[in-house]
Amino acid sequence: MTEKQTVNLKINGEEVEAPAGEMLIKVCHDRGLDVPFFCYHPGLVPEGNCRMCLVEVVKAPKPMPACTTPVTDGMEIETHSEAAKDARADVLEFMLSNHPLDCPICDKSGECLLQDNSYDHGKDGSRMVDVKQLKPTKDLGNGVKLWGNRCISCTRCVRFCSDIAGSGELAMVNRGDSSVVDVFPGYPLQNPLSGNVVDICPVGALLTEVFLYQARVWYEKKTASVCHECARGCNIELQALNNEVKRIVARHNDAVNDYWICDHGRYTYDYILGPERSLECRLGDSANPADAPGFLARRLKKSADEHGADSLGVVVSAVMSNEALYLLGSLLQELGVPAENIAACARDDGDEETFKGGFRISSDRNPNRRGVEAILGKDAFSSHSDGLLKKAKASKLRGLVLVSDLPGQRLPDGWIEALETVDFGLVFLLENDSRIPETAHLLPATAFSERDGSIINEDGRVQLVRAATQLPRGVLSLDELLQDTLVELGARESRISPRGLFDEMAGVIPALAGMRHGDLGEAGLSAQGGEE
Amino acid sequence: MAEIKQEKFEKVLTKYVDEDGSATLEFYRGHGGYEAAERVLKEMKPGEVIEAVKESTLRGRGGAGFPCGVKWSFVPKETDKPKYLVVNADESEPGTFKDRVLMERDPHQLIEGSIISAYAIESHVCYIYIRGEYYDAFLTMQKAIDEAYEAGILGENVLGTGFRLDMTMHRGAGAYICGEETGLLSSLEGKRGLPKIKPPFPAVEGLFGCPTVVNNVETLSCVTHIFDRGVDWFKSIGPPEGPGPKLLCVSGHVERPGTYEVPMGINLLDLVNDYAGGVWKKRKLKAIIPGGTSAKILTAEECDVGMDYESLAAKDTMLGSGGVIVMDEKTNMVNALYNILRFYAHESCGQCTPCREGTGWLAKICGRILHGTGRMEDLDLMIDLAQKMCGRTICVLADAAAFPCESIVRKFRLEFYAKINAGAGHERDIHTGGPLVQPGALSAHNQERLDELRGGH
Ligand SMILES: Cc1cc2nc3c(=O)[nH]c(=O)nc-3n(C[C@H](O)[C@H](O)[C@H](O)COP(=O)(O)O)c2cc1C
Ligand code: SF4
Ligand code: SF4
């Protein structure tokens, strides 16, 4: 096909222009029309098997499935005629005829397409008095459990495994009303994207073991955020109950991750409230976090005054938000610390993986490497680090602030040794680290799920991170602490909101030039000089 | 309708099937075999072959009755993709056993028809998808194909004309749905035999995404004779809307069941009485299913009808696969319907909601009525469900289950009443108002599952 052509059709009597070849369901959904579905998923190849999206095509002898019917010129569609509504209500009756009505004990309840569609489009009452089909309940692998009785044979999960993950572990077995999803004996579900099948299963047939019976989904607080496990920055939704992250699910973003996330990102949230989480506050004589801003301002100033600003060093991490990096940068600037004294500690590389459907896990496990580079310069990871370590070895470093907030990864030994040589050492610590000397001061670091801010992914896309839970008792917001410290030093007037902070930062950092917090929205924006 | 008596009609498709050695190449050539193909390949252009078949009004013998030449003309001319001819030899419609005779007794007739057809659509690869249970037919066909290769009738240089054609057999594994053309193609591709949404039709996007023509064994066998005896000869037999010789498989309660070659349009009662020896045991006729179990049933009074596409359509049924199932007065229609419905419930591929759930549901209700726990409202429920399955699925298996169900319940309602009344008085489930499940009514699948869950103990 050459140029993208458009066709003109009529939907419910209204003239509509749509790109040629576009599926009817998309055109309807784009216009806000409620055309219900089960097997259709915008990220998968349509199969048209559930028959829920049947609409009336004027002059066609039969109702047509909107998900597999391309729009054509002159087509006339009725999505809500009696014929169309009846066809869909009938499909629902068939759908429910063998479905166990076990919503009260089903984890999907509250976010189940079958529940929603039944309320919106179904009939009341049931004419089914016969014995329902029984299908297996079993583990499929990777912590995914199958409740066969609930499966509506939509094949979303099957298509995901074959077309997106490319591993094809799942298949429909048996025929007729015995049809159900299964794996081949000895070949369990084991692809690194397997958790997505739970997200896309329209009913409670596929559930994750770790979330099972953990929460009623309507009680959960849902927060749009960004995964911090690699430099892709996949869009996620954090779901929390009573201030505990209960699960992470994928959030749609065409520019980054489509509809998917990897299992690593999905299942890495245990450290947030894990047994290793450090909550210790050790500020000289005080164990009170409220003393932190004053303490920090005093000690840094003292160190700079006594030994010169060049004797101060800071090590940041590439999971910190742009805002924290920016504030730390301005704090050091205020004290006159040279730029090369700010080093960044990267997370170890992992394996790069690309899947059949194009989904990619980056080998770079630093969610905000681009942010560090944009705010502190490209050398932060390399020459700054080397220089700072050398200085420490030569006993020229007198004050050192370390941010050790990499989940599952402790700081390299070199920095711990450096801590021993300085007069003033302070560590923002996420997870306990027994190597840290008694003489060093400690403050708890925040986890990514506890803060608002922004990060930049490897393609240069700026995306918002949002706090899904409140800070655990004793943990301070790093952004607020740094602002308060700057206030103590007389460099800022007062604390401002994350929104104001971003806009201020965008005015200073060239990579963010022209951006406004309000424009980032759910999907983020491509940064200046980004590769998109 | 044409009233041609048995002896006056000259058989062509099954002319030699009773003779010794009819399956060999020597026999076939000895009776003028492959002359038509040679003439066509040497003297006609592919387009002319398609035009001739269009002109003959040959309609598909597999079930849908689609005009053969028209289907061929949908194959795109300008394409750099390979084109395929696929012979549908899955013959699995209950009551149908005509393709079997053709393959077991006259395999070269099919090969010749396939050569002509492949030439017409410019295909160089022909697959024969044969029903797995037809092992003898498979061996015979394979032998004939081997012979044809050896004699230069298949291969690089078909009959010395320079036309290239390879022919390969593929055996099915016993699924009815693999007779549906798109299900067949999925199966041939090595996948589960799942039908696909049309359009795109196979002629445009079929096997491995390439243009593909799927034709029934009998359809392709007819092609041989259209070019052997001429288009005019073909059109002289039966009604103009769908002429030609037709194989009809008579089974059920008749004296002489079997495959009979008749002129299209023969009266159904003549077929039963003159060819099949009439209803057996001197009993009275109750009903006939005229075109395989997927066709709507005809009561005895409705059986005075021509066996051709249009006449049967006028009686709201169809010629279908040509499987004529005769039922005598002692037939229990509830039992008959239960048998049919169990078949469709078992054979639904399970993709489409109305078919997957509807076929099993209908079978359960019918089984319940048969086992004495039916309710009067079940009859309207069955008709309603059947109607709601029609026209809403990927393939027409759902319709094929709904047609016999709706027609049998409507036309033989009293028999269903009788069964229900005989079982009346049974206690009801106090929660649902439904009948209590009786011994024997638990679905076979559930029993299997329970066995499995018990780990064989
Ligand atoms: C459920 C189902 C089963 C079918 N089984 C067969 C079959 O066994 N043999 C056959 O020739 N056609 C069968 N058909 C019809 C085919 O889909 C197709 O129409 C036919 O092969 C086309 O060939 P024809 O035009 O020569 O008849 C079946 C159709 C359906 C819906
Ligand atoms: S398990 Fe869920 S996603 Fe998979 S086929 Fe069944 S209902 Fe669809
Ligand atoms: S109608 Fe039935 S057999 Fe045909 S594709 Fe749908 S589920 Fe399969």
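Quantities reported herein were computed from a predicted structural model and do not represent experimental measurements.

### Details of the interface of chain B and chain A
- Taken together, the 42 residues of chain B in the interface contact 40 residues of chain A.
- Contact with chain A buries area across many residues of chain B, yet Trp361(B), Lys364(B) and Arg392(B) alone supply 20% of it, more than any other trio.
- Taken together, the connections running from chain B to chain A amount to 5 salt bridges.
- One salt bridge in this structure joins Arg175(A) and Glu347(B), with 3.2 Å as the shortest N-O distance.
- Where chain B touches chain A, the interface holds 17 residue pairs in polar contact (both at pLDDT 80 or more).
- For the side of chain B that touches chain A, the secondary-structure elements that each account for two or more residues are helix H13 (333-347), helix H14 (353-370), helix H15 (377-389) and helix H18 (444-453) of chain B.
- For the side of chain B that touches chain A, the element with the highest residue contribution is H14(B), accounting for 10 residues.
- Split by residue class, the side of chain B that touches chain A holds 17 nonpolar, 14 polar and 11 charged.

### Thoughts on the layout of surface pockets
- Here the second largest pocket defines a volume of roughly 1,200 Å³.
- Along its surface, the second largest pocket is lined by 41 residues, and Pro46(A), Glu47(A), Lys191(B), Lys196(B) and Gln351(B) are the ones closest to its centre.
- Of all the secondary structure elements, the ones that give two or more residues to the lining of the second largest pocket are helix H4 (156-165) and strand S8 (170-173) of chain A together with helix H8 (181-188) of chain B.
- Looking at which element gives the most residues to the lining of the second largest pocket, the answer is H4(A), with 4 residues.
- Grouping the constituent residues of the lining of the second largest pocket by class yields 18 nonpolar, 14 polar and 9 charged.

### What to know about the nonpolar core
- By size, the foremost hydrophobic cluster in this structure holds 112 residues, and its most contacted members are Phe160(A), Leu170(A), Val197(A), Leu206(A), Val316(A), Phe428(A) and Leu512(A).
- Those residues in contact with Phe160(A) that sit more than four places away from it in its chain are Leu44(A), Ala165(A), Gly166(A), Leu193(A), Asn196(A), Val197(A), Ile200(A) and Trp260(A).
- Within the second largest apolar cluster, 61 residues are counted, among which are Tyr344(B), Leu379(B), Phe412(B) and Ile420(B).

### Considerations on the sheet that holds strand S20 (residues 441-444) of chain A
Residue and element names in this part refer to chain A.
- Judged by pairing direction, the sheet is parallel, and its 5 strands sit side by side in the order S15-S14-S18-S19-S20 without closing on themselves. Because the sheet does not close on itself, it has two edges, and the strands there are strand S15 (342-345) and S20. Mean inter-strand twist for the sheet, computed between neighbouring axes without regard to direction, equals 15°.
- Pairing analysis gives 4 bridges linking strand S14 (residues 312-317) to S15, with the strands arranged parallel. Note that in S15 the partner of Ser317 across the bridge is Cys345.

### Let's talk about the domain arrangement of chain B
All names here are of chain B.
- Per the domain assignment, the segments of chain B are domain 1 (25-235), domain 2 (246-328) and domain 3 (333-456).
- Contacts between the two partners involve 12 residues from domain 2, matched on the other side by 12 residues from domain 3.
- Summed over both sides, the interface between domain 2 and domain 3 buries roughly 1,000 Å², with carbon and sulfur atoms accounting for 67% of that surface.
- For Lys411, the salt bridge goes to Glu302, with nearest N and O atoms at 3.1 Å.
- At the boundary of domain 2 with domain 3, the tally comes to 6 residue pairs in polar contact (both at pLDDT 80 or more).
- Those elements giving two or more residues to the side of domain 2 that touches domain 3 turn out to be strand S8 (285-289) and strand S9 (298-299).
- Examining the composition of the side of domain 2 that touches domain 3, we find that 3 residues originate from one element, S8, more than from any other.
- Class assignment for the residues of the side of domain 2 that touches domain 3 results in 6 nonpolar, 3 polar and 3 charged.

### Here's the deal with the site of ligand 2
- In the neighbourhood of ligand 2, 13 residues make up the surrounding shell, with Cys151(A), Cys154(A), Thr155(A), Cys157(A) and Cys201(A) lying closest.
- In terms of residue class, the shell around ligand 2 is made up of 10 nonpolar, 2 polar and 1 charged.

### Some words on the side chain of Thr69(A)
All names here are of chain A.
- Mapped onto the elements of the fold, Thr69 is located in the loop between strand S4 (64-65) and strand S5 (76-78).
- Given a relative accessible area of 5%, Thr69 falls into the buried group.
- Separated by 2.6 Å, the side chain of Thr69 and the backbone oxygen of Pro65 make a polar contact.
- In this structure Thr69 touches Glu22, Met23, Leu24, Met64 and Met75, once residues within four positions along its chain are discounted.

Conventions we followed
- Residues numbered from 1 in each chain as written.
- Chains lettered and ligands numbered in written order.
- Predicted model: local features only at pLDDT ≥ 70, side-chain atom pairs only at ≥ 80, totals over all residues.
- Heavy atoms only, no water.
- Contact = heavy atoms within 4.5 Å.
- Buried area = accessible area lost by both parts, 1.4 Å probe.
- Salt bridge = Lys/Arg side-chain N within 4 Å of Asp/Glu carboxyl O.
- Polar contact = N/O pair within 3.5 Å; in protein donor to acceptor, adjacent residues only side chain to side chain.
- Helix = DSSP H or I, 4+ residues; strand = E, 2+ residues; numbered from the N terminus.
- Nonpolar A, V, L, I, M, F, W, Y, C, P; charged D, E, K, R; others polar.
- 1 Å grid on protein atoms, 1.4 Å probe; cavity = no way out; pocket = protein on both sides within 12 Å on 5 of 7 lines; lining within 4 Å.
- Points joined across faces, edges and corners; volume = space filled by probe spheres on them.
- Core = buried A, V, L, I, M, F, W, Y, C linked by side-chain atoms within 4.5 Å.
- Buried < 20%, exposed > 50% of the residue type's maximum accessible area, 1.4 Å probe, protein only.
- Pairing = 2+ DSSP bridges.
- Axes fitted to C-alpha atoms, helices over the stretch in contact; angles between N-to-C directions.
- Domains from an automatic or database assignment.
- Near = heavy atom within 4 Å.

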